[in-house]
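The chain contents come next:
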Amino acid sequence: MDISVVLGCSLGAALGGVILASYQLGLLYQLFHKTERQSSRHGGESVADVLRAHGIRFVFTLVGGHISPILVACEKLGIHIVDTRHEATAVFAADAVARLSGTVGVAAVTAGPGLTNTVTAVKNAQMAESPLLLIGGAAATLLQGRGALQDIDQMSLFKPLCKFCASVRTVREIVPTIRKALAVAQSGTPGPVFIEFPIDTLYPYHVVEKEFAPKNTPKGLMGKMIAWYLRNHLSNLFAGAWETRDLSPLPVHIPHATEDEVQRCVELVSRAKKPVILLGSQATLPPTPADDVRKALESLGIPCFLGGMSRGMLGKNSSLHIRQNRRDALKDADLVLLAGTVCDFRLSYGRVLNRRSKIIAVNRDRSQLLKNSDMFWKPTVAIQGDAGSFLLRLSKALKGHKCPEEWPRSLKEGDAIKEKANRSKADEKTERHLNPLSVLHCVDELLAEDSIIVADGGDFVGSAAYIMRPRGPLRWLDPGAFGTLGVGGGFALGAKLCRPESEVWIVYGDGSLGYSVAEFDTFTRHKTPVIALVGNDACWSQISREQVPMLGSNVACGLAFTDYHIVADGYGGKGYLIGREDESQLDDIIKKAQKECREGKAVLLNVLIGKTNFREGSISV
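The structure presented is a predicted model; accordingly, all values stated were derived computationally and were not measured.

It is worth spelling out the overall build of the protein at this point. Within the protein one finds 25 helices and 17 strands. Taken against the 2.2 N^0.38 rule, which gives 25 Å for 621 residues, the C-alpha radius of gyration of the protein at 28 Å falls within 12% of a compact globule. In terms of overall dimensions, the protein has C-alpha extents of about 95 × 60 × 45 Å along its principal axes. By the burial criterion, 55% of the 621 residues in the protein qualify as buried.

Here you go:
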């Protein structure tokens, strides 16, 4: 080969290597973008600017030095910083805000253990399909992997849980990274996103320089090279940091049913004699207002079973809302519309569906849309699209068509029979303490029309789901498919901030209360009064009810009739102990609690309850 060719190739490779190294070191970027070394601005301000431009009103947190600039900057811009007593609560509260406000919920926590404490709550948001931004602190960019305080591989931890994960490496990346994350969180199937902010991307130049710039004049070639590298890294970190950038929201992409899919479903529904709709949480997602979905359902006239966030969609006493005997109804139905409902354990993996029924499934997530369809059921029409807008289009196309009236009437009659039987169980005396069903009926009758119910527990909360009736759309919050205990304090906090005029109730088991009772301190400090109804039977009853007869032991299931009301008093709330001797005054105590809540005091009703055989045989695994 000609020596000139060899030399040319070698020089080309060398030049390419120099250009690549220059790019990676930020030298090329620094040629065209200034590093403002005298500026007192910091990356936390950029974070706050983007959040405000996206209409974020609350940031939930447990403070840490890694993220202090973000919190301070947000407060200055009027974003409400709400600090909790546990990082998981901060994420649960952001989850509730996302569900109730139609925006992205935001939580910010410090590095290391601050982030690991959020893992369960983030996974819950993923499975509940809540758009949520988790902001995490991190060790400085140059110190990651070198043993810095609270430094772990956070990205690997959250990649399986989040739709989008990013680690900001320079201050100029902050704005575009957050804009992208917020759009991804809301697009397609909503879910959590995570951004890691190394501490040197958040503090001002002079603070970071003090920590990383060489203190003395370096000696020797290696010392000079290291000093140059550190100074260049610092310059690149802040190069172009304060240039004007677009802060506005990026487009959100939502899948919709095609015209052909809608038309095919119109034909199926119009021919059905016994149709049923199973409505899931996805039907409450933006952009379709929940009230519009309600009107569409009422126009269709098809009997509905409501689950998850869709509880309350049809109000308190709708003739279309069927609460009982779902399995029997599905056996008789000739058409089932799964509107955001998934064939997982809640539908016995699809086995409760009649194989002779026509089945329309609508879901934004394809994997959820077809869950277990290869085993126990087959969709007649499977639509990857938004359930709420689909129902509106279906209703419009079927205007004038009504479901045969005898079908919803017969289901409603079955409802009445079952609820009468449940009511009679509430009138039975338990061996000791109060009948939990009686307590729940009493509370349900006294609930304010604007009430929001937060469900956090096992046995007592399972009973409440049969008895308590949300008064309208977006007035019921439960963890969702993950079945997480401990959501109560955070969900109630987020709900009260979103709807300050509403009466917010947490229905707790005495087991689940232990996870977030400390948040009564948060309720007091942030003036977010809620009412906690604690079914105290001194037991993890959901487990004990099966473990004892099957395995002959109550090991690890026993608790104590603890004075939780005194704990609430200690955190600045007001607690009441309610036992059998207070049964005749239960109405008055509840009304007093409601009055104190309206006057700004968080209240805990520690209700001592006995055992019943209601829900006997319900699964807990």
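Of the consecutive residues proline 286 and proline 287, the connecting peptide bond is found in the cis state with omega at 10 degrees. Within the chain, asparagine 325 stands out as a residue other than glycine whose phi angle is a positive 60 degrees. Positive phi outside glycine occurs at alanine 538, with the angle close to 55 degrees. With respect to the secondary-structure elements, alanine 538 resides in the loop between β15 (531–536) and α23 (541–551). Look at alanine 538 and you get buried, because its relative accessible area is 12%.

What follows deals with the UniProt feature "domain: Thiamine pyrophosphate enzyme TPP-binding" (unreviewed entry) in the protein. In this structure's numbering, the residues bearing the UniProt feature "domain: Thiamine pyrophosphate enzyme TPP-binding" (unreviewed entry) are residues 456–604. Secondary structure across residues 456–604 comprises 44% helix and 15% strand; the distance between its end C-alpha atoms is 14 Å.

Attention now goes to the environment of glutamine 263. Assignment of secondary structure puts glutamine 263 in helix α12 (residues 259–271). The sequence separation of glutamine 263 and tyrosine 576 amounts to 313 residues, and the corresponding C-alpha distance is 57 Å.

We now examine the UniProt feature "domain: Thiamine pyrophosphate enzyme central" (unreviewed entry) in the protein. Taken from the UniProt record, the annotation "domain: Thiamine pyrophosphate enzyme central" (unreviewed entry) applies to residues 262–393. In residues 262–393, the share of helix is 30% and the share of strand is 17%. The end C-alpha atoms are 7 Å apart.

The next point concerns the pairing of strand β3 (residues 105–109). Buried residues dominate β3, accounting for 5 of its 5 residues. Burial along β3 is two-sided: Gly105, Ala107 and Val109 and Val106 and Ala108, pointing in opposite directions, are all buried. In the sheet, strand β1 (residues 58–62) pairs with β3 via 3 bridges, with the strands oriented parallel. For phenylalanine 60, the partnering residue across the bridge sits in β3 and is alanine 107. Both β3 and strand β4 (residues 132–138) contribute to a ladder of 5 bridges, which runs parallel. Across the sheet, alanine 108 pairs through a bridge with isoleucine 135, a residue of β4.

This brings us to the packing of aromatic side chains. Remark: the centre distance and the inter-plane angle together describe each pair of aromatic rings, the angle taken between the planes. Considering all chains together, one arrives at 6 aromatic pairs under this definition. When the centroid spacing of 5.3 Å and the interplanar angle of 70 degrees are considered together, the rings of tyrosine 205 and phenylalanine 238 count as edge-to-face. One end of the pair, tyrosine 205, is in helix α10 (residues 205–212); the other, phenylalanine 238, is in helix α11 (residues 220–238), and 33 residues separate them in sequence. For the pair formed by tyrosine 205 and phenylalanine 238, the shared burial category is buried. The ring of phenylalanine 376 carries the charged tip of arginine 351 above its face, separated from the ring centre by 4.8 Å. Across the ring face of tyrosine 576, the terminal group of lysine 574 is positioned such that the distance to the ring centre comes to 5.3 Å.

Turning to the sheet that holds strand β7 (residues 275–279), a few remarks are in order. Two orientations exist for strands paired in a sheet by backbone hydrogen bonds: parallel and antiparallel. What the 5 strands build is an open sheet, ordered β8-β7-β9-β10-β11; its pairing is parallel. Sheet topology places β8 (304–306) and β11 (381–384) at the edges, where each strand pairs with a single neighbour. Shown here is a sheet whose adjacent strand axes are inclined to one another by a mean of 10 degrees, direction ignored. Here helix α16 (residues 387–397) sits on the sheet in contact with β7, β9 (335–339), β10 (358–363) and β11, set at roughly 135 degrees to β9.

Another aspect to go through is the side chain of histidine 565. On the secondary structure map, histidine 565 appears in helix α24 (residues 564–570). A distance of 3.1 Å separates polar atoms of two side chains, one belonging to histidine 565 and the other to asparagine 606. Discounting chain neighbours no more than four positions away, the residues touching histidine 565 are Gly575, Tyr576, Leu577, Leu604 and Asn606.

Take glutamate 87: it is sitting in helix α5 (residues 87–101). No salt bridge forms around the buried glutamate 87; measuring N to O, its nearest opposite-charge neighbour arginine 85 is 9.8 Å away. Discounting residues that sit within four places of it in the chain, glutamate 87 has contacts with Leu62, Val109, Gly114, Asn117 and Thr118.

The next thing to look at is the nonpolar core. With 104 residues, the main nonpolar core has Phe60, Leu134, Leu338 and Phe390 as its most contacted residues. The biggest single contributor to this core is α5, with 9 residues. Dropping the residues within four chain positions of it, phenylalanine 60 is found in contact with Val82, Ala90, Ala93, Ala94, Val97, Val106, Ala107, Ala108, Leu493, Gly494 and Leu497. Formed by 42 residues, the second largest nonpolar core is a distinct cluster that contains Ala73, Ala166, Val208 and Trp242.

Taken together, the side chains of Arg326, Arg327, Lys331 and Arg351 make up a positively charged region of the molecular surface. Judged by relative accessible area, lysine 331 falls into the exposed class, the value being 51%.

The N-to-C vectors of helix α13 (residues 290–300) and α16 enclose an angle of 40 degrees; their axes lie 9 Å apart at closest approach. The orientation of α13 with respect to α16, classified from their angle, is oblique. Note on packing geometry: the crossing formed by α13 with α16 is left-handed. For the pair α13 and α16, contact is made by Asp292, Val293, Ala296, Leu297, Ser299 and Leu300 and by Gly388, Leu391, Leu392, Leu394 and Ser395, respectively. Here the residues of the contact of α13 with α16 are counted per class, giving 7 nonpolar, 3 polar and 1 charged.

This part is about the sheet that holds strand β13 (residues 476–477). Strand order in the open sheet formed by 6 strands is β13-β12-β14-β15-β17-β16, with parallel pairing between adjacent strands. Every other strand in the sheet has two partners, leaving β13 and β16 (574–578) as the edge strands with one partner each. One ladder, built from 5 bridges, connects strand β12 (residues 452–456) with strand β14 (residues 504–509); its direction is parallel. Considered in β14, the bridge of isoleucine 452 is made with valine 504. Contacting β12, β13, β14 and β15, helix α19 (residues 459–467) runs over the sheet at an angle of about 135 degrees to β14.

The subject of this paragraph is the domain arrangement of the protein. How big an interface is tends to be stated in terms of the accessible area lost upon association of its parts. Split by domain assignment, the protein resolves into domain 1 (3–32), domain 2 (43–238), domain 3 (277–411) and domain 4 (427–608). Here domain 2 and domain 4 have C-alpha centroids that lie 34 Å from each other. Contacts between domain 2 and domain 4 engage 24 residues on the former and 26 residues on the latter. In total, about 2100 Å² of surface goes out of reach between domain 2 and domain 4, with carbon and sulfur atoms giving 67% of it. Looking only at domain 2, the three residues that lose the most surface to domain 4 are Arg85, Phe92 and Leu100, adding up to 32% of its buried area. For the pair domain 2 and domain 4, the interface holds 2 salt bridges. Of the charged contacts in the structure, one is a salt bridge between arginine 85 and aspartate 521, with a shortest N-O distance of 3.0 Å. For the interface between domain 2 and domain 4, the tally reads 11 residue pairs in polar contact (both at pLDDT 80 or more).

Rules used in this analysis
Residues numbered from 1 in each chain as written. Predicted model: local features only at pLDDT ≥ 70, side-chain atom pairs only at ≥ 80, totals over all residues. Heavy atoms only, no water. Helix = DSSP H or I, 4+ residues; strand = E, 2+ residues; numbered from the N terminus. Rg over C-alpha atoms; globule rule 2.2 N^0.38 Å. Buried < 20%, exposed > 50% of the residue type's maximum accessible area, 1.4 Å probe, protein only. UniProt positions renumbered as here; feature names shortened; annotations may be inferred. Pairing = 2+ DSSP bridges. Phe/Tyr/Trp six-rings, centres within 6.5 Å; stacked < 30°, edge-to-face > 60°. Lys NZ or Arg CZ within 6 Å of the ring centre and 35° of its normal. Axes fitted to C-alpha atoms, helices over the stretch in contact; angles between N-to-C directions. Contact = heavy atoms within 4.5 Å. Polar contact = N/O pair within 3.5 Å; in protein donor to acceptor, adjacent residues only side chain to side chain. Lys, Arg positive; Asp, Glu negative; His and termini not counted. Salt bridge = Lys/Arg side-chain N within 4 Å of Asp/Glu carboxyl O. Core = buried A, V, L, I, M, F, W, Y, C linked by side-chain atoms within 4.5 Å. Patch = residues over 30% accessible without salt bridge, like charges linked within 9 Å, V, L, I, M, F, W, Y side chains within 5 Å. Areas by Shrake-Rupley, 256 points an atom, 1.4 Å probe, with all protein chains shown as cover. Charge placed at Lys NZ, Arg CZ, Asp CG, Glu CD. Parallel < 35°, antiparallel > 145°, perpendicular 65-115°, else oblique. Left-handed = near helix turned anticlockwise from the far one by under 90°. Nonpolar A, V, L, I, M, F, W, Y, C, P; charged D, E, K, R; others polar. Domains from an automatic or database assignment. Buried area = accessible area lost by both parts, 1.4 Å probe.

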